[in-house]
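Structural description and commentary
What follows is the residue order along each chain.
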Amino acid sequence: MTGDYYPYAKYTRVWIPDPEDVWRAAEITRDYKEGESVLHLKLEDETPLEYPVGPNSNPLPFLRNPDILVGENDLTALSYLHEPAVLHNLRVRFLESNHIYTYCGIVLVAINPYEQLHIYGEEVINAYSGQNVGDMDPHIFAVAEEAYKQMARDDRNQSIIVSGESGAGKTVSAKYAMRFFATVGGSSNDTNVEEKVLASSPIMEAIGNAKTTRNDNSSRFGKYIQIGFSRHYHIIGANMRTYLLEKSRVVFQAEDERNYHIFYQLCASASLPEFKDLGLTSAEDFTYTSLGENIFIEGVNDADDLQKTREAFMLLGIKDSSQSSIFRVVASILHLGNIQICSERDGESCHISSDDLHLKHFCRLLGVELQQMEHWLCHRKLVTASETYVKNMSSKQAANARDALAKHIYARMFDWIVEHINKALHTSSKQHSFIGVLDIYGFETFEVNSFEQFCINYANEKLQQQFNSHVFKLEQEEYMKEQIPWTLIDFYDNQPCIDLIEARLGILDLLDEECKVPKGTDQNWAQKLYRQNSSSAHFQKPRMSNTSFIVIHFADKVEYQCDGFLEKNRDTVYEEQINILKASQFQLVADLFHDKDDVASKSTRVNVRAAKSIPKAPNKEHRKTVGHQFRNSLHLLMETLNATTPHYVRCIKPNDDKESFSFDSRRAVQQLRACGVLETIRISAAGYPSRWTYPDFFSRYRVLMKKSDVTSADKKLVCQNLLETLIKEPDMFQFGKTKIFFRAGQVAYLEKLRADKFRSACIVIQKTVRGWLQWVRYRKIRKSAIVLQRYGRGYLARRYADFLRLTQAAVVCQAQYRMVRERRVYLRVRQAVITIQAFTRGMFTRRIYQEVLLQHKATVIQKSVRGWLQRKRFRRARDAAVTIQCAFRRLHAKRQLKRLKIEARSAEHLKKLNTGMENKIVQLQRKMDDQTKEFRAQTEQLLVVNSSLDSEVNKLQKELERVRSQQGGGARLETLQEELGRLEEELQEASAQRKRLEEEHGSEKLGLQQRVEQLETENCELKAEKEEMNERILQLMKSPEGGGSSVSLQAELDAERQRYQNLLKEFSRLEQRYDNLKEEVTLTKFHPGHRRNPSNQSSLESDSNYPSVSTSEVGDTEDAIQLVEELGVEKAAMDMGLFMKLQKRVRELEQERRRLQLSVDKMEELAKRKGSESRSPPSEQEAADLAYNNLKRQELETENKKLKNDLNELRKAVAQNDSSSEPDGYGLLLGQLRAAGEELDARKEEVLILRTQIVSAAQVRERNEHVQDGNDAPHVDSRAPLDQEEALTACHGLCESKKLLEAQLQTQARRHGDELEALHTQIELLRDDIEKKQEILNYTASLPPEARLEYSVQQEITRLTNDNLDLKELVEKLEKNERKLKKQLRIYMKKVQELEVSQVDAPPSRGRPELSRQVTVQRKEKDFEGMLEFNKEDEGLLLKALITDIRPSSVSATVPCLPAYILFMCIRHADYINDDQKVESLLTATINCIKKVLKKNSEDFEMASFWLANTSRLLHCLKQYSGDEVFVTQNTSKQNEHCLKNFDLAEYRQVLSDLSIQIYQQLVRVAEATIQPMIVSAMLESESIPSLAGVKPMGYRNRSSSMDTDGGGPSGYTLEALIRQLGQFHGVMREHGLDPDIIAQVVRQLFSCINAITLNNLLLRKDVCSWSTGMQLRYNTSQMEEWLRGNSLSVSKAAACLHPVIQAAQLLQVKKKTSQDAEAICSLCTALSAQQIVKILNLYTPLNEFEERVTVSFIRNIQNRLLDRNDPPQLLLDTKQTFPVLFPYTPSPLSLETLHIPASLGLHFLVRV
């Protein structure tokens, strides 16, 4: 060290002792010279202090570390290692930065925050997994990861030793360590061992934890959990060992403490039905649970905790019966404590009341005899060599025996539960290695210390010895590894203290010896201790007591009270009571007290009668004292720990008040001394505590070097020369192989030199800058003076110019004013003259107007009078002429009336009337014939009416003949006239009735039409309202608010897509797992073990569960049902489309059944009505049916002949046009066939109708002729007049017309009834629809606007979905009909081809395919259709050449995605020849082959990119050539001609889409795995900007011994390497022809991964949270953005993924002092959460003393400003987050017919078609 440097100089900061804060900071105000007795100091509050120093009294105070080192992650990185530095560093980290973890060498110091922190989530576990322990911030997960990594790397068992005071957080730390192992090393099978390991915690807390004055959940026992791992380092089992359960707590608790939790949990749940028989009440009613006087814990629900305990029991496989037995035992202990022991009068004996309720409950619950238990609770048995005595016990002795029994029962139950937990965690597999977690009590000292504290401190002495030796060993290894001279370090060895406790005639040995003495007492034992150990340096006798002793432990002096040591060591339980419990009727209770040796001896015992009674030897286990058992278990534990690599976690309790983030320095120092942290510091400080690597030292202290040294290549030599120059004492440093080792304080000296260098440099810079500023100021002043002069002169000149300007303006204003004044006078005179003239001229004009008006009025009066006189004269002449004409016309009319009356009485007139009536009847007949032709459905009714009329005519003829025979001709004529009149009246009545019915029908129909119009109007209104709502929705979507809703809908769509893709990812994982399990089953086929049932596998296995279920196969219900029968119900149920169609078809069939039932009912009623009205002869009906059937058969024969002729013509046409082979021949042929079919159907119907009418008319005519012949026969001889025959014919016509009218009326009435019923049905449906809509409207009106909008959208989506299903089903039916017609056409074509082939001499059948193929090739070479033909047996060769054996490099020079095009062309040919099996086989095999190739190359990015491009291209081809209107809009006409003709491959498109998503996920996974090791080094650690990053001193965790250097990989990656890797990924994807949108999504995903990993490491590393790192990070992100712009990826949203990292870099760079800075930070960091911002500010570390730390007040200001943010509680980003991938449709412009297949692929068997 240089001679002019002395540490205790002015301004040096030191630590001085303080009674309150332990240590207090001060600053030296005067240089201290050696030998002075006073050190002049100044405290932080500016108070002066004279601190006395001296070699014997007070040594010089400890020096403070530089501010740059304050808050370090590792205490060993401090320059000055001593107690105040450690305490201050822990305080700063805990209070200011809220960091609860700190490294101290190999020890992790964990301070209990008494607050729930969000630093233990799964994302934090993933962040620490795989990281070196020194790279991240201190954390319990870092220690667990170090243990896990060393276990895998060194193949050595590990241990994590967690110790500390009660309430320091030991149990929580051990729990989080086990959670880390359960997450990282989860079991490889389905046994879920890690869940069982975690489930043991609630059970052990219930039976082993209790509330104490220091901790609400204090573990009152020690446990060591061994977690076993397999060779693949997966958890396969666990084992637990417990130590020193505090049994005394069962029977005694101090004030404000509780018994074990299980007692209070049972009492809180006593009201449950399953606990009624336990006889429990409140915990206050039992002695063992009410001694602490407080049975509740704030914030804890004992009943809920019991439920968690029971769930943990079930998870570990402990049955309900065993749980019930455990609870019975616990309840019996409570009842045992309430048993009242009554003392007798003599005081030497006692008794228990026979009515004691608690004794009855105790015996009932344990199943023992009441009498025996009552007796032996008050008596004991004494066994001597010859006799056995029964002795009474006093009430105090009986109470002690009762309490001992209670403790023994609980201890046995505790051991039984631990044993069964170990059985549940045991595994039959071989354990390769294990990690042990030791959760054990720390060093304890109370006001009254007893046997428990003695054992606890004894265990800590052993652990401290092991800890010291391990630390010493690590230091030695470090020195030897670096090859520096090894000097012996003197460290504290506590072996003498351990010998005092456990050696021969030590404390435990004397205690056991005193326990064997029949009347040994605690006082006698104390006296033996005084005599035997008085010479020991670690043993002292108190001055004021003879019943206590003092042991000087490594942490502190502890005084132990001897009272109770013997009783607790003996743990006496009377064997008579144990024997009663062994005889319990409950098996579990009996098993608790049976030893294994007893059980083994029972099976081999032989009953031999002894000669004399021998006293029964006590149980061997009972002879072992507690101290002996604890010593043995402790030795076993130490052997286990010595065989493992230990990792230490020391838990510190910051205060005794359980306040969050409150630090009590005195309590902390006490625990630091007790837990060995300061001993670690002392050992480190004794050697070379500060260590620097050569590059870091060079980077940090190059400012102290010369310019020539900085440019030197040998940095190691430069560092050596520098140190030899700066530090003169060679013992203060050592040069190792890779590091430089410094003594304590040397780094502080170097930092001082560096700061002085910077200070001098700053002075020079300040001098220069200040001079430059003064020169700039002078130039500014001179320039300002010149400017002021110029502006002053200009001002004066401008003022004179303004004066001149004002003078000129005044002259102008005067001239203008005078001119205006004169002009106003002139205008006033002129206006007056004009007014006078106007009034004069108006007066004369009005006079002339009045004269003209009077003349006009006189003329009008004269005209009116003359006109009136002429009109009066004309009317008088006209009236006279009309009177004369009327008289003449009346005379002429009278004469004509008289003539008509005479003619009316003549016979000629009657004949004319009859002739007119006959004509009318003929017209009616013709009209009815026309109606018969129009309504052919009424033919049968007309036949019935005709037959009835014939029978009536016969009757009338017979009656007419009878009347003729009775009366003469005149009377007959009158009778006929009367009959004719009567018939006319009936006809009129029928006509009136028909009109009335028509009117009623019309009115009712009109009413229904009005109702229908009303309903239609309402429906239109509803539609209009719906359209209005849709418009409002569209407006809202277009508006900014609507933009938000559209954004939310887009977010929901993305979330749905994300869930779907996550399901695909899970499916891929399960598929991979299934394949692995199949391989394992194949390998272990002949070995016993667990075999997975194939039924447990996923039903989505692609190799077997991709049936060819296309739309054509589910077009109608019959095919769907057949498909269900083929697939089975379970598999068919998975197809939702098929399920929905079947369900809908079932509903339609149900409706059809109801409609047919109604039709049948109506037909039955109609048949009954017809039967009641008239019954026609069956012969005529049968004749009509027969005639119709004959005509139909003839028509079908004719149709068949025509079809055969058409077929022959088609064959001829095809044969003629075979050479031309028009491309649209199929379409033309199909159109002709359809047209011919429709024309034939129409002609057939017309011919059938016409012929039926002809036959019916002929039959009617024949029947009428027959009737007329029958009627004419009797008239041959009768000489009836002509008018009678005419009247009879008219009568027949009238009757027939009447029947016809009645039939028409009945038909119309029935039709009207049907229409009415249909309208009623429609009205009901509309009414239901209106009610539903009304309910929807009411419900919508009650909703808020946002919910109303969402509900209306959901309703609209539901309606559109239903309509879509209906339309889809209709389209499928039409497509099926079309396919059927196509199949018929193909059948015709095949027949035509067969006919052609039969006409030509063909070669043998084997050569036929070759011949046809050659002809096809020759024909298609001229016009290639873009198809490839292959045989079915060549499918394997095709897939092998295109998928299995192909390499991306082999087709790099061809068209991108060539395999996809070739496969699609093969699919097109299979579709062209209508071979559905070939299509299905090719597609299924293609998908399976791609999966196998990807599985084989699961880590190959190039292969994944290649097949992602080909799979997506095949998917796009299936869409592009599907024929759907959505996909063909961008096709060329030639591409549209190449569309698929026969099959709809929509479902295979979905399968290919799913496969594409799986390949995309594999591609992203491989890319992320490739760049993940590069991210942290490239983004945070590499120096993209040289000489910017600073280096700080390293702690122990950054030494080589703690780093994983065996990986063999590069030590670090640069940003260029990362960008180069991204460019390689991008180039590969572009080379393979991947869609640009998919490339953009891949890049976005990779940038999201880079952002998450970078930000997570930034949030977990204090060493990178500095200004220089922020500058480096901002530069790195700008380079990444530049790479995006250079590759045209700016629109990929990848740059937005880097916003959190960019804002974090800006946060590290901005100022952090004032409130304005806080406001700027809050507005800047919008992509960071409040928790992340505060975390970065807490981690911010200055790299030199010129930077300032972020103050606590500034951080609190930031927190207050960010309170209104709704941020997620997670601190870290999810590195596994994936964005939903979307494959946009991109059609290919490539024409398939132009595609060239290279010969290198070996596809010679493919034929171009």
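Every value quoted in this text rests on a predicted model; they were computed, and no experiment measured them.

Right, let's talk about the pattern of salt bridges for a bit. Inspection of every chain in the model, using the stated rule, returns 35 salt bridges. Where lysine 223 meets aspartate 439, a salt bridge forms, and the shortest distance between an N and an O atom there is 3.0 Å. Taken together, the residues span a long stretch of sequence, with lysine 223 in strand S11 (residues 222-229) and aspartate 439 in strand S17 (residues 433-441) at a distance of 216 residues. The exposure classification of lysine 223 matches that of aspartate 439, with both residues buried.

Most of S11 sits inside the fold, with 8 of its 8 residues counted as buried. Of the two faces of S11, the one lined by Gly222, Tyr224, Gln226 and Gly228 and the one lined by Lys223, Ile225, Ile227 and Phe229 are each fully buried. Two strands pair when backbone bridges link them, and S11 and strand S12 (residues 235-243) are joined in this way by 8 bridges, in the antiparallel orientation. Pairing of glycine 222 across the sheet is with tyrosine 243, part of S12. Hairpin connection of S11 to S12: 5 residues between the antiparallel strands, including tyrosine 233 at a positive phi of 60°. Pairing analysis gives 7 bridges linking S11 to S17, with the strands arranged antiparallel. Looking across to S17, one finds that phenylalanine 229 is bridged to serine 433.

Right, let's get into the nonpolar core. The biggest cluster of nonpolar side chains holds 326 residues, and the ones touching the most others in it are Phe181 and Phe549. Ranked by residue count, the leading element in this core is helix H46 (residues 1546-1581), at 18 residues. Within the second largest apolar cluster, 20 residues are counted, among which are Trp692, Tyr701, Met705 and Ile740.

Moving on, we come to the pairing of S17. For a regular strand, side chains alternate in direction, first toward one face of the sheet and then toward the other. Here S17 lies mainly inside the structure; 9 of its 9 residues are buried. What you see with S17 is no split at all: Ser433, Ile435, Val437, Asp439 and Tyr441 on one side and Phe434, Gly436, Leu438 and Ile440 on the other are buried throughout. Across 7 bridges, strand S8 (residues 158-164) lies against S17 in parallel orientation. Looking at S17, one finds that valine 162 is bridged to aspartate 439.

Before going further, it helps to spend a moment on the sheet that holds S17. Spatially, the 7 strands line up as an open sheet ordered S6-S7-S21-S8-S17-S11-S12, and their pairing is mixed. Because the sheet does not close on itself, it has two edges, and the strands there are strand S6 (101-104) and S12. Strand-to-strand, the axes of this sheet are offset by a mean angle of 20°, without reference to chain direction. The sheet contact formed by S8 and strand S21 (residues 645-652) spans 7 bridges and is parallel. Bridge pairing in S21 places glycine 164 opposite cysteine 651. Helix H3 (residues 140-154) rests against S6, strand S7 (107-111), S8, S11, S17 and S21 of the sheet, and its axis sits at about 170° to S21.

Okay, the side chain of serine 1668 next. With respect to the helices, strands and loops of the structure, serine 1668 is situated in helix H49 (residues 1667-1686). Since its relative accessible area comes to 5%, serine 1668 is described here as buried. Separated by 3.3 Å, the side chains of serine 1668 and serine 1666 make a polar contact.

Residue position: cysteine 1517 is located in helix H44 (residues 1501-1520). For the pair cysteine 1517 and arginine 1549, spaced 32 residues apart in sequence, the C-alpha to C-alpha distance is 9.7 Å. The contacts of cysteine 1517, once residues within four sequence positions are left out, are Tyr1461 and Phe1464.

In this section: helix H13 (residues 451-482). Relative to the 46 Å expected for 32 residues at 1.5 Å per residue, H13 spans 47 Å between its end C-alpha atoms, a close match to the ideal helical length. Most of H13 is tucked away, with 25 of its 32 residues classed as buried. Once H13 ends, the next one or two residues include glutamine 483, with phi positive near 60°.

When two helices pack together, their arrangement is given by the angle between their axes and by how far apart the axes lie. The geometry of H44 relative to H46 is characterised by a closest axis approach of 9 Å and an angle of 160° between their N-to-C directions. By the angle between their axes, H44 is roughly antiparallel relative to H46. Once H44 is placed against H46, the crossing between them reads as left-handed. Between H44 and H46, the residues in contact are Phe1501, Ala1504, Ser1505, Trp1507, Leu1508, Thr1511, Ser1512, Leu1514, Leu1515, Leu1518 and Lys1519 and Arg1549, Leu1552, Ser1553, Leu1555, Ser1556, Ile1559, Tyr1560, Leu1563, Val1566 and Ala1567, respectively. In terms of residue class, the contact of H44 with H46 is made up of 14 nonpolar, 5 polar and 2 charged.

Turning to the confidence of the model for the protein chain, a few remarks are in order. Overall, the predicted model of the protein chain reaches an average pLDDT of 78, with 76% of residues at or above 70. Element-level pLDDT for the protein chain is lowest in helix H40 (residues 1408-1420), with a mean of 32, against a maximum mean of 93 in helix H6 (residues 261-268). Low pLDDT (under 50) marks residues 1173-1179, which in the prediction has 4 contacts with non-local residues, meaning those over four places away or in another chain. Throughout residues 1400-1422 the model reports pLDDT below 50, and contacts reaching past four residues in sequence, or to other chains, amount to 12 contacts.

In this section: a nonpolar patch on the surface. Taken together, the side chains of Ile765, Val769, Trp772 and Leu773 present a nonpolar region at the surface, about 410 Å² in accessible area. With respect to the helices and strands, tryptophan 772 occurs in helix H28 (residues 746-904). A relative accessible area of 53% places tryptophan 772 in the exposed class.

This next bit is on a positive patch on the surface. Residues Arg871, Lys872, Arg873, Arg875, Arg876 and Arg878 make up a contiguous surface patch of positive charge. Structurally, the position occupied by arginine 876 is in helix H28.

Our next topic: unusual backbone geometry. Unusually for a residue other than glycine, valine 22 sits at a positive phi of about 70°. Since its relative accessible area comes to 14%, valine 22 is described here as buried. A positive phi angle, close to 55°, is found at tyrosine 114, a residue other than glycine. Tracing the sequence through the fold places tyrosine 114 in the loop between S7 and helix H2 (122-128). Judged by its relative accessible area of 21%, tyrosine 114 falls in the partly exposed class.

Calculation rules
- Numbering of residues begins from 1 in every chain and follows the order in which that chain's sequence is written.
- Where totals are concerned, whole chains, interfaces and linings use all residues; where local detail is concerned, this predicted model gives features only for residues with pLDDT of at least 70, and gives and counts side-chain atom pairs only at 80 or more.
- Side-chain measures here rest on the full set of heavy atoms in the structure, leaving out hydrogens and waters.
- Take a side-chain nitrogen of Lys or Arg and a carboxyl oxygen of Asp or Glu: if they are within 4 Å of each other, that pair is a salt bridge.
- The numbering of helices and of strands both runs from the N terminus, where a helix is a DSSP run of H or I of at least 4 residues and a strand a run of E of at least 2.
- When accessible area is computed with a 1.4 Å probe and restricted to protein chains, residues below 20% of their type maximum are described as buried, those above 50% as exposed, and intermediate ones as partly exposed.
- Strand pairing follows a simple DSSP-based rule, namely that at least 2 bridges must link the two strands.
- Nonpolar cores were defined as sets of buried Ala, Val, Leu, Ile, Met, Phe, Trp, Tyr and Cys residues, with membership established by side-chain atoms within 4.5 Å.
- Between N-to-C directions, angles cover 0 to 180 degrees, with each direction set by a line fitted to C-alpha atoms, over the stretch in contact for helices.
- Contacts were defined at the residue level, with two residues in contact if any of their heavy atoms lie within 4.5 Å.
- N or O atoms within 3.5 Å of each other form a polar contact, as long as, within protein, one can give a hydrogen and the other can take it, and as long as residues adjacent in sequence are counted only when both atoms are side-chain atoms.
- Given the number of residues in a helix, its expected span is that number minus one, multiplied by 1.5 Å.
- Any angle that falls under 35 degrees is termed roughly parallel, while one over 145 is termed roughly antiparallel, one within 65 to 115 roughly perpendicular, and all others oblique.
- Handedness of a crossing follows from how the near helix is turned relative to the far one, being left-handed for an anticlockwise turn of less than a right angle and right-handed for a clockwise one.
- We call Asp, Glu, Lys and Arg charged. Ala, Val, Leu, Ile, Met, Phe, Trp, Tyr, Cys and Pro are nonpolar, and the rest, Gly among them, are polar.
- As a per-residue measure, pLDDT tells how confident the predictor is, with possible values from 0 to 100.
- Like charges within 9 Å and nonpolar side chains (Val, Leu, Ile, Met, Phe, Trp, Tyr) within 5 Å are joined into patches, using only residues over 30% in relative accessible area that form no salt bridge.
- Surface accessibility follows the Shrake-Rupley procedure with a 1.4 Å probe radius. Residue values consider only the protein chains on display as shielding.
- The charge count includes Lys and Arg as positive and Asp and Glu as negative, but it does not include His or the ends of the chains.
- Taken as the charge centre is NZ of Lys, CZ of Arg, CG of Asp or CD of Glu, depending on the residue.

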